[in-house]
Amino acid sequence: MELDQFMAGLVRRNPGEKEFHQAVREVADKVLPFIAAHPDYQKARIMERMTEPDRIVIFRVSWEDDDGNVRVNRGYRVQFSNAIGPYKGGLRFDKSVHLSVLKFLGFEQVFKNSLTTLPMGGAKGGSDFNPKGKSDSEVMRFCQSFMTELYRHIGEDVDVPAGDIGVGAREISYLFGQYKRLSNEFTGTLTGKGLAFGGSQVRTEATGYGCVYFAREMLAHVNDELEGKTCVLSGSGNVATYAAQRLMQLGAKVVALSDRTGFIHEPDGLTLERLDYIIELKEHQRGSLDQYAKEFGVTFCPGKKPWIVPCDIAFPCATQNELDKEDARTLIDHGCRLVSEGANMPTTFAGSTLFEEAQILFAPGKAANAGGVAISGLEMSQNSMRLSWTREEVDRQLQEIMTRIHEQCVEYGIENGHVNYIKGANVAGFVKVAEAMLAYGIM
Ligand code: NDP
Ligand code: 2IT
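Here we summarise the structure given alongside this text. (Residues numbered from 1 in each chain as written. Chains lettered and ligands numbered in written order. Predicted model: local features only at pLDDT ≥ 70, side-chain atom pairs only at ≥ 80, totals over all residues. Heavy atoms only, no water.)

## A word on the overall build of the protein
- From N to C terminus, the protein includes 17 helices and 14 strands.
- Computed over its C-alpha atoms, the radius of gyration of the protein comes to 21 Å, within 12% of the 22 Å expected for a compact globule of 443 residues.
- Principal-axis analysis of the C-alpha atoms gives the protein an extent of 60 × 55 × 45 Å.
- Per-residue burial over the protein gives 58% buried out of 443 residues.
- Contacts spanning at least 24 positions in sequence make up 72% of the contacts within the protein whose residues lie at least 6 apart.
- In the structure as shown, the protein presents an accessible area of about 17,900 Å², 49% of it carried by carbon and sulfur atoms.
- The average position of the 49 basic charges and that of the 58 acidic charges among the side chains of the protein differ by 4 Å. (Helix = DSSP H or I, 4+ residues; strand = E, 2+ residues; numbered from the N terminus. Rg over C-alpha atoms; globule rule 2.2 N^0.38 Å. Buried < 20%, exposed > 50% of the residue type's maximum accessible area, 1.4 Å probe, protein only. Contact = heavy atoms within 4.5 Å. Areas by Shrake-Rupley, 256 points an atom, 1.4 Å probe, with all protein chains shown as cover. Lys, Arg positive; Asp, Glu negative; His and termini not counted. Charge placed at Lys NZ, Arg CZ, Asp CG, Glu CD.)

The following block contains the structure:
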């Protein structure tokens, strides 16, 4: 079936949901030609069914701020598909959250989780609650109110949420505490928990580390290596900071990181000690990079994206659509050879098409950032077994999983001796879910 015809139907059924349309278009662009060669998938209308979530829960979240004012936000959980395992995916708390964003993220999660090789379906949730500038008590009251509704829709074998933008260790702890209290059970119903209460080693670092391991696989495939490479990263949250840490530990040079206020430029390369300062500033003081720049006398470019800094490798690790066609052109012109997406859909469709045409080694988020949810999957396994594995063991499994994701991309993405990772990741992620759906019959 023609892409335009398929997309016209999707847009008609989901009016105004731009981010969701974009995510589906990227997948359909690669998967529809594959479906055309497999009449079984076409007859069963697999793609039409895959783009319709199993269900969406939307609810009111009322809470009281420190001044005694009543505040009202909206909570969501998009349970996209449990074809190959319980619903699994993060929660995002950000003022930009709306249904289209969570549908795009839930849809991506289905393919990503399939690629991890673990039995997990796809979901995403969150709220338009903005944690910026809120006290710990306000965040706690919000999380407790949010979970008071969400808890009835989740469970260790039903749906297992985790973190995403604006949801880190603090929020997961409040959410898990309230879940445990309401359900009167101690199970692994959230992942990203603290190590003292069922969390897994390496989960905090897993998305960033995994994204670096994936870049290492792509380079190895063309007989190259990370050591000595100059890297630019966007974001300075969970994904970006741990990607930066692993890059430095593996001998690469990190010259830029960003946040909502701008980016820092460190031409001689960031150090691990300074990165620790940034992690502390972001995670505990909830400060911004211009504070860091002032403290260390580093160049800070306010209001700008970091893609103007020349590099060998770019890691977009902040948010969706943060790297457009013009940014892609600038990166290519400056000699960038590899892009590994730590964030979900950070590159616009036009930007990724440009990378594809230029045969840049381009790893879409569903492959490159799957290490986070993969270690969430291992946290679920450890919780079920009532065991915890060592840091070395979990890191070894993370590296193995990223290698296996890379192998799947090569298997399905090879084109004239070059690997098209967009095609490889989408088709490989699709096949496993489609096979399960075919086996279940019509539902
Ligand atoms: P965090 O909240 O820890 O960090 C997000 C970072 O991105 C912050 O530095 C933030 O800036 C910056 N940022 C967010 N929105 C914008 C924006 N509109 N413009 C510019 N900068 C922005 O989130 P994570 O690191 O967890 O998530 C980052 C990305 O990675 C997201 O796309 C997420 O979906 C994806 N991801 C996360 C996984 C995880 O395990 N956490 C797993 C897989 C993907 P500031 O510091 O100023 O707030
Ligand atoms: O986008 C993602 O993969 C995440 N935010 C992590 C999801 C998870 O369940 O660990």
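Back to the text.
## Some remarks on the sheet that holds strand 4 (residues 122-127)
- Taken in spatial order, the five strands make up an open sheet running 1-2-4-3-5, and their pairing is mixed. For this open sheet the edge positions go to strand 1 (55-64) and strand 5 (159-162), each flanked by a neighbour on one side alone. Direction aside, neighbouring strands of the sheet carry axes that sit 20 degrees apart on average.
- Sheet topology places strand 1 next to strand 2 (residues 70-81); ten bridges connect them, and they run antiparallel. From the neighbouring strand, Ile 56 faces strand 2, where its bridge partner is Val 78. (Pairing = 2+ DSSP bridges. Axes fitted to C-alpha atoms, helices over the stretch in contact; angles between N-to-C directions.)

## So, helix 6 (residues 136-150)
- Over its 15 residues, helix 6 runs 21 Å from end to end, which matches the ideal 21 Å to within 8%, given 1.5 Å per residue.
- Three or more residues of helix 6 are buried, namely Glu 138, Val 139, Phe 142, Cys 143, Phe 146, Met 147 and Leu 150. Seen from one end, helix 6 has its buried residues packed into an arc of 160 degrees, which puts them on one side.
- Taken together, the buried residues of helix 6 touch strand 1, strand 2, strand 3 (87-93), strand 4, strand 5 and helix 7 (169-183). (Expected span 1.5 Å × (residues − 1). Arc of directions from axis to C-beta.)

## Focus on unusual backbone geometry
- Within the chain, Asn 321 stands out as a residue other than glycine whose phi angle is a positive 55 degrees.
- Residue position: Asn 321 is located in the loop between strand 10 (313-316) and helix 12 (325-333).
- For Asn 321, a relative accessible area of 30% gives the class partly exposed.
- For Asn 416, which is not glycine, the phi dihedral falls at a positive 45 degrees.
- Among the secondary structure elements, Asn 416 is positioned in the loop between strand 13 (414-415) and strand 14 (418-419).
- Among the residues examined, Asn 416 registers a relative accessible area of 84% and is labelled exposed.

## A look at the environment of Val 160
- Within the element layout of this structure, Val 160 appears in strand 5.
- Taking C-alpha positions, Val 160 is 25 Å from His 21, a pair spaced 139 residues apart along the chain.
- Excluding anything up to four places from it in sequence, Val 160 contacts Arg 77, Tyr 87, Lys 88, Gly 89, Gly 155, Gly 188, Thr 189, Leu 190, Thr 191 and Met 380.

## Description of the pattern of salt bridges
- Tallied over the full model, the rule gives 30 salt bridges.
- Shared partners join several salt bridges into a network, and the residues in it are Asp 224, Lys 229, Asp 312 and Arg 337. (Salt bridge = Lys/Arg side-chain N within 4 Å of Asp/Glu carboxyl O.)

## Re the site of ligand 1
- What surrounds ligand 1 is a group of 23 residues, the closest being Lys 132, Asp 164, Thr 207, Lys 282 and Asn 344.
- In the environment of ligand 1, an oxygen atom lies 2.8 Å from a nitrogen or oxygen atom belonging to the side chain of Lys 282.
- For ligand 1, whose unbound accessible area comes to 890 Å², protein coverage reaches 82%.
- For the shell around ligand 1, the secondary structure elements donating two or more residues are helix 8 (203-221) and helix 9 (238-249).
- Looking at the shell around ligand 1 residue by residue, the classes come out as five nonpolar, ten polar and eight charged. (Near = heavy atom within 4 Å. Polar contact = N/O pair within 3.5 Å; in protein donor to acceptor, adjacent residues only side chain to side chain. Nonpolar A, V, L, I, M, F, W, Y, C, P; charged D, E, K, R; others polar.)

## A few points about the packing of helix 8 against helix 16 (residues 391-413)
- Where helix 8 contacts helix 16, the axes come no closer than 9 Å and their chain directions differ by 45 degrees. Considered as vectors, helix 8 and helix 16 are oriented oblique to each other. Regarding helix 8 and helix 16, the two cross each other, and that crossing is right-handed. In this structure, helix 8 contributes Glu 205, Ala 206, Tyr 209, Gly 210, Tyr 213, Phe 214, Arg 216, Glu 217, Met 218 and His 221 to the contact, and helix 16 contributes Arg 391, Asp 395, Leu 398, Gln 399, Met 402, Thr 403, Ile 405, His 406, Cys 409 and Val 410.
- Residue classes in the contact of helix 8 with helix 16 are distributed as ten nonpolar, five polar and five charged. (Parallel < 35°, antiparallel > 145°, perpendicular 65-115°, else oblique. Left-handed = near helix turned anticlockwise from the far one by under 90°.)

## Overview of the sheet that holds strand 6 (residues 230-234)
- Spatially, the seven strands line up as an open sheet ordered 9-8-7-6-10-11-12, and their pairing is mixed. Two strands lie at the open edges of the sheet, namely strand 9 (299-302) and strand 12 (361-363), each paired on one side alone. Averaged over all adjacent pairs, the angle separating strand axes in this sheet is 15 degrees, with direction ignored.
- Sheet strands in contact with helix 9 are strand 6, strand 7 (253-259) and strand 10, and its direction is about 170 degrees off that of strand 6.

## Side note on the pairing of strand 6
- Burial analysis of strand 6 places five of its five residues in the buried class, which makes it a mostly covered element.
- Burial along strand 6 is two-sided: the face carrying Thr 230, Val 232 and Ser 234 and the face carrying Cys 231 and Leu 233 are both buried.
- Here strand 6 pairs with strand 7 via three bridges, running parallel. Bridge assignment links Val 232 to a residue of strand 7, and that residue is Ala 256.
- Taking the sense of rotation as the criterion, the β-α-β connection linking strand 6, helix 9 and strand 7 turns out right-handed.
- With four bridges joining them, strand 6 and strand 10 adopt parallel strand pairing. By the bridge assignment, Cys 231 is partnered in strand 10 with Ile 313. (Right-handed = clockwise from strand over helix to strand, strands pointing away.)

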